[in-house]
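# Chain and residue survey
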Amino acid sequence: MNKKSRAINLSISELDKAQLEKIALEFGMKWGNRPNISKLVEAIARRKLVIAPNNDWSETLITALKQAVDALTDAGKIEEALVVADLLLQRSELSLPLRAEVERFLGNPPPAWRIEVNRYICREQPFQLSYQDATGKLWNFTVRHAKVVPHEERQYLDCWCEETEGNQDVEQLHHNWSLRLDRISEAGVFPLTGKWRSNLAELPVEMHIFGRLAFAYKTRNEDTESELLPTSPPMRRVVRRISSTYWFIREVLRDAPDIVIVSPESVRGRLKQKIISFYERYDMEI
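For the structure given in this document, a descriptive report is provided here. (Residues numbered from 1 in each chain as written. Predicted model: local features only at pLDDT ≥ 70, side-chain atom pairs only at ≥ 80, totals over all residues. Heavy atoms only, no water.)

With that out of the way, let us pick up the overall build of the chain. A count of helices and strands for the chain gives 10 helices and 11 strands. Residues classed as buried in the chain amount to 34% of the 286 residues present. Working note: accessible area of the chain is about 18,800 Å², and carbon and sulfur atoms make up 52% of it. (Helix = DSSP H or I, 4+ residues; strand = E, 2+ residues; numbered from the N terminus. Buried < 20%, exposed > 50% of the residue type's maximum accessible area, 1.4 Å probe, protein only. Areas by Shrake-Rupley, 256 points an atom, 1.4 Å probe, with all protein chains shown as cover.)

A separate point is the environment of Leu82. Among the secondary structure elements, Leu82 is positioned in helix H5 (residues 78–89). A residue is classified by how much of its surface remains accessible, and Leu82, at 24% relative accessible area, is partly exposed. Taking the C-alpha atoms as reference, Leu82 lies 9.4 Å from Val102; in sequence the two are 20 residues apart. Contact partners of Leu82, with chain neighbours within four places excluded, come to Phe105, Leu106 and Pro109. (Contact = heavy atoms within 4.5 Å.)

Below, the discussion takes up the side chain of Arg180. The residue Arg180 is located in strand S6 (residues 176–180) in this model. Beyond its immediate chain neighbours, meaning those up to four positions away, Arg180 contacts Tyr131, Arg154, Gln155 and Tyr156.

This next bit is on the sheet that holds strand S8 (residues 203–209). Strands sit in the order S9-S10-S8-S11 across an open sheet of four strands; the sheet is antiparallel. At either end of the open sheet lies a strand with only one pairing partner, and these are strand S9 (223–229) and strand S11 (259–263). Taken pair by pair, the neighbouring strands of this sheet meet at an average axis angle of 25 degrees, ignoring direction. As paired strands, S9 and strand S10 (residues 235–242) are joined by six bridges and run antiparallel to one another. Bridging across to S10, Asp223 finds its partner in Arg240. Across the sheet, helix H9 (residues 245–254) is in contact with S8, S10 and S11; its angle to S10 comes to roughly 155 degrees. Here helix H10 (residues 265–283) sits on the sheet and contacts S8 and S11; the angle it forms with S11, its principal contact strand, is near 145 degrees. (Pairing = 2+ DSSP bridges. Axes fitted to C-alpha atoms, helices over the stretch in contact; angles between N-to-C directions.)

Written out as structure tokens, the structure reads:
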């Protein structure tokens, strides 16, 4: 045995053999069904495999990839999220808490029906699902448009369904439902035939914004009009397409009284009744 061979053998003996065998298996370096470390070393020597640093990713890059995992998960793209999470777990730069979090995600990914629902949405294929509401009642919905949307730190399936029974929204939005993902029954999700809608039902709402918020307001994608009017004091007029009065009113209430809904009367009346209910509750003797 020449000096070079002895050096290689000595290096191998000093390394974790089990880890080397694992790497050999990952790259298909085998003798029969068993890992072959010699083939691995030869492939590295012939530059068929490249040894690269595993600790040179910046904290900014690690954070961005973790955010990508969260965003892909929120969007229902579980398969892609798992790929990015697995890539992260291969890096030595991860802090112990972050590594533990990624390992938990990989060990307990979202259920299989989430992947199926995402596929239906991507293929624009109608589907049926079963849903259990907060009271425990089971509902069946025929979905012809859907998207996964975050509402107040929870994930929901906002969808247009054929069924309208029990919907408490205004008449124009009766087909729209906002379903919590954790209440959808896995066994009740399966594909259907038929036409896929291009969007949820929508209703244009006009609102006036006052005070500092009139200047600070950031136009959203759902806004069809947004103009700062030269009134005294200044006021911004905004027209927005909404798909749910429930979520819209909850958003508006955060900035009341700087936002006033002007039309339609069905939405304006709902917010007005909500404010009256607040007043009556706070006016009660304790």
